[in-house]
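Report on the structure
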Amino acid sequence: MLPLSSSSNRKQIWTMLALFMLIVLALPALAGDKKKKGATPEAQLPKRVNFDISKIIWPNPPAITRIRYLAQFTGEKIDFNTVVNGKQRVKQGWMDRLAGTKPQADQNLKLPFQLVRTYGVAFDSKGRIYAVDQAVGAIFIFDAEKKDQVELIKNGEDAHFGLINGIAIDDNDRIFVTDDKLHRVTVISPAKQGPGKWTEEAAIGADILSRPGGVAIDTENRFLYVVDTQNDVVVVFDADNFKVLRKIGVSGKKHTLTDPGTFSLPTNVAVDKDGNVYVTDTLNNRVEIFDADGKFISTFGKNGDGPGYLARPKGIAVDGDGHIWVMDAVQQRVQVFNREGQLLIYFGEPGQWPGQFSAPLDIAIDTKFNRVITSEQFPGRVQMFRYVTDAEAEQVRVERAKAEQVSGAGEAANANSDKKNSAAPQ
């Protein structure tokens, strides 16, 4: 080999140094890419924010609490340790790894069902929560106590649905669900085979309903109230033989009527313990009240964008004290009124955090446990609250008054003692 010149040596040294620096600079990028490719599923999990939901109450202290936030329901439980980015993690044996075989998890993966476009909500006699989802085409059933337990009434398996909307459940746990596409009310009852089995008992109203929406049941008088939004009426059926008894409202006026007792695009209906009927007259931004015979009683509400006003009211429910809870779709909050239309309390604001609402629609109240549920569409979810009754609030008020009285007596005794001590000869 011929000897290299000093100039050639310098060039070779500089070339080697340049290559070394390139390798050193490239190592972090290569390591980061390898780390990214081999990232653990835990690194890909959605970030979670923890805060104390027990402090979500209305009104704020020192006022007596009347509404407490409890929980939210979004669908079947997602195990992020099993499913990440739509793929199931399957542990391979050493022989599979040695052979280089890849797990075929994607072929057997069963993703959990989630609420997407949630409409009607209701409680059954056991306090379980039912939520109608149009996008999924199923009725989700949640256990209010065991929040991880979810059951579904599926289209094509347990019943036949088109575009389901409102839902009501009678004291025998029969389900009445309205269907926009099939223009009817589907009646579903628990089968005798056991829990989790359902029987499509009947389909009613297809000959007279156009766009059925909200639905409610008077369990005492056995009346089934179905809002026909397109026809601007509420159709009253016999809840047992399904015969049409009467209609409330006037149809055929193309949503132009504003007189008391008439509707313009009504959406939802509720019944109180005395059989009175409450209807959200959505386009007229009001609530109308009728007796059990369909006779008009009164109305309240007017268009506006502040507390006490209504802007496209939709869901409606009545609690055990006779207060009327109205879901305001535009203001995205719940407002609670008395029979005279006086605002008692309101809660919620636009947003997706607990206690906020985004595209809210329906509301239901379980008077047995004083639970309140609401439905939303963005995101699809059901939120649950606890209503503090008038009697419970009064008890708190009395206890506070007694505590203040005792505290005041103690302060007075201390003041007298101090006075005596100061007056005593030194």
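Residue numbering note: each chain is counted from 1, following its sequence as written. Only residues with pLDDT of at least 70 are given local features in this predicted model, and only at 80 or more are side-chain atom pairs given and counted; all residues enter the totals for whole chains, interfaces and linings. Side-chain measures were taken over the full set of non-hydrogen atoms in the model, leaving aside hydrogen atoms and water.

Here we take up the packing of aromatic side chains. Only Phe, Tyr and Trp rings are paired, with Trp represented by its six-membered ring, and only when their centres lie within 6.5 Å; those with planes under 30 degrees apart are stacked, over 60 edge-to-face, the remainder tilted. One pass over the full model with this rule turns up 14 aromatic pairs. Ring plane angle 40 degrees and centroid distance 5.0 Å describe the contact between W58 and F347, whose orientation is recorded as tilted. Here W58 is found in strand 1 (residues 57-58), whereas its partner F347 is found in strand 24 (residues 343-347), with 289 residues between them in sequence. A 1.4 Å probe rolled over the protein chains alone gives each residue an accessible area, and that area as a share of the maximum for its type sets the label: buried under 20%, exposed over 50%, partly exposed in between. Overall, the relative accessible area of 16% leaves W58 in the buried class. Where Y69 meets F385, the ring centres are 5.6 Å apart and the plane angle is 80 degrees; that geometry is what we call edge-to-face. In this pair, Y69 sits in strand 2 (residues 67-73) while F385 sits in strand 27 (residues 380-387), placing the two residues 316 residues apart along the sequence. Note on accessibility: Y69 and F385 belong to one class, buried. Ring pairs connect the aromatic residues W58, Y69, W325, F347, F357, F385 and Y387, which therefore count as one cluster. Counted as over-ring charges are cases with an Arg CZ or a Lys NZ within 6 Å of the ring centre that also lie within 35 degrees of the ring normal. When the ring centre of F223 is taken as origin, the NZ or CZ atom of R246, which lies over that ring, is 4.9 Å away. Positioned over the ring face of F369 is R371, at 4.9 Å from the centre of the ring. Strands here are runs of E lasting at least two residues and helices are runs of H or I lasting at least four, both read from the DSSP assignment and numbered beginning at the N terminus.

Turning our attention to the pairing of strand 6 (residues 129-133). The element strand 6 is extensively covered by neighbouring structure, given that five of its five residues are classed as buried. Residues I129, A131 and D133 line one face of strand 6 and the alternating positions Y130 and V132 line the opposite face, and both faces are buried. Criterion used throughout: strands pair if DSSP finds at least two bridges between them. Alignment of strand 5 (residues 118-123) against strand 6, held across four bridges, turns out to be antiparallel. What sits directly across from A122, in strand 6, is Y130. Hairpin connection, strand 5 to strand 6: the antiparallel pair is bridged by five residues, and G127 has positive phi, about 85 degrees. Pairing analysis gives five bridges linking strand 6 to strand 7 (residues 138-142), with the strands arranged antiparallel. Bridging across to strand 7, V132 finds its partner in I139. Hairpin connection between strand 6 and strand 7: a loop of four residues separates the two successive antiparallel strands, and G137 in this loop has a positive phi of roughly 75 degrees.

The next point concerns the sheet that holds strand 18 (residues 277-281). Taking strand neighbours across the sheet as the criterion, the four strands line up as 17-18-19-20 in an open arrangement whose pairing is antiparallel. The open sheet has two free edges, formed respectively by strand 17 (268-271) and strand 20 (296-300), since each of these has just one partner strand. Between one strand and the next, the sheet's axes are offset by a mean angle of 20 degrees, whatever the strand orientation. Of the strand pairs in this sheet, strand 18 and strand 19 (residues 286-290) are connected by five bridges, and their pairing is antiparallel. Its bridge partner lying in strand 19, Y278 is registered against I289. Under this scheme, a helix contributes an axis fitted over its contacting stretch, all axes are lines through C-alpha atoms, and angles between N-to-C directions fall in the 0 to 180 degree range.

Before going further, it helps to spend a moment on the sheet that holds strand 13 (residues 212-218). The strand order 13-14-15-16 describes an open sheet built from four strands, whose pairing is antiparallel. On the outer flanks of this sheet lie strand 13 and strand 16 (244-248), each paired with one strand and no other. For this sheet, the mean inter-axis angle between neighbouring strands, taken without regard to orientation, is 20 degrees. As judged from the four bridges shared by strand 15 (residues 233-238) and strand 16, these two strands associate in the antiparallel manner. Along strand 16, the bridge assignment pairs V235 with K247.

Relative to the helices and strands, Q335 is located in strand 23 (residues 333-337). Residue classification places Q335 among the buried residues on the basis of a relative accessible area of 0%. Between the C-alpha atom of Q335 and that of P307, which follows or precedes it by 28 residues, the distance is 7.6 Å. Apart from residues no more than four positions distant in its own chain, Q335 is found in contact with G306, P307, G308, Y309, L310, I324, W325, V326, D328, L343, I345 and Y346. Among the polar contacts made by the side chain of Q335, one reaches the main-chain carbonyl oxygen of Y309 at a distance of 2.7 Å. Contacts: residue pairs with any heavy atoms within 4.5 Å of one another. Polar contacts here mean pairs of N or O atoms no more than 3.5 Å apart (in protein, one a potential hydrogen donor and the other a potential acceptor; neighbouring residues in sequence count only if both atoms are side-chain atoms).

On to the layout of surface pockets, then. Both site types are read off a 1 Å grid over the protein atoms alone. A 1.4 Å probe that fits but cannot get out defines a cavity, while an open set with protein on both sides within 12 Å along at least five of seven lines defines a pocket; lining residues have an atom within 4 Å of a point. Grid points are joined across faces, edges and corners, and a volume is the space filled by probe spheres set on the points. One number sums up the size of the second largest pocket: a volume of about 950 Å³. If you go around the second largest pocket, you meet 37 residues; those closest to its centre are I169, I217, V271, I365 and T367. Three categories are distinguished: nonpolar for Ala, Val, Leu, Ile, Met, Phe, Trp, Tyr, Cys and Pro, charged for Asp, Glu, Lys and Arg, and polar for the others, with Gly belonging to the last. Partitioned by chemical class, the residues of the lining of the second largest pocket number 18 nonpolar, seven polar and 12 charged.

Take the side chain of T186 next. Mapped onto the secondary structure, T186 falls in strand 11 (residues 184-190). Looking at T186, the relative accessible area reads 0%, which means it is buried. Discounting chain neighbours no more than four positions away, the residues touching T186 are H160, I175, F176, V177, E200, A202 and A203.

In what follows, salt bridge is the name for a side-chain nitrogen of Lys or Arg lying within 4 Å of a carboxyl oxygen of Asp or Glu. Evaluated as defined, the whole model comprises 17 salt bridges. The partner of D240 in a salt bridge is R222, and the shortest N-O contact between them spans 3.0 Å. Of the two residues, D240 is situated in the loop between strand 15 and strand 16 and R222 in the loop between strand 13 and strand 14 (223-228); the sequence distance between them amounts to 18 residues. By relative accessible area, R222 is classed as buried at 17%. Across the salt bridge formed by E376 and R381, the nearest N and O atoms sit 2.7 Å from each other. Pair check on accessibility: E376 and R381 agree, each one buried. Through salt bridges with shared partners, a single ionic network connects D170, D171, R174, E201, R222 and D240.

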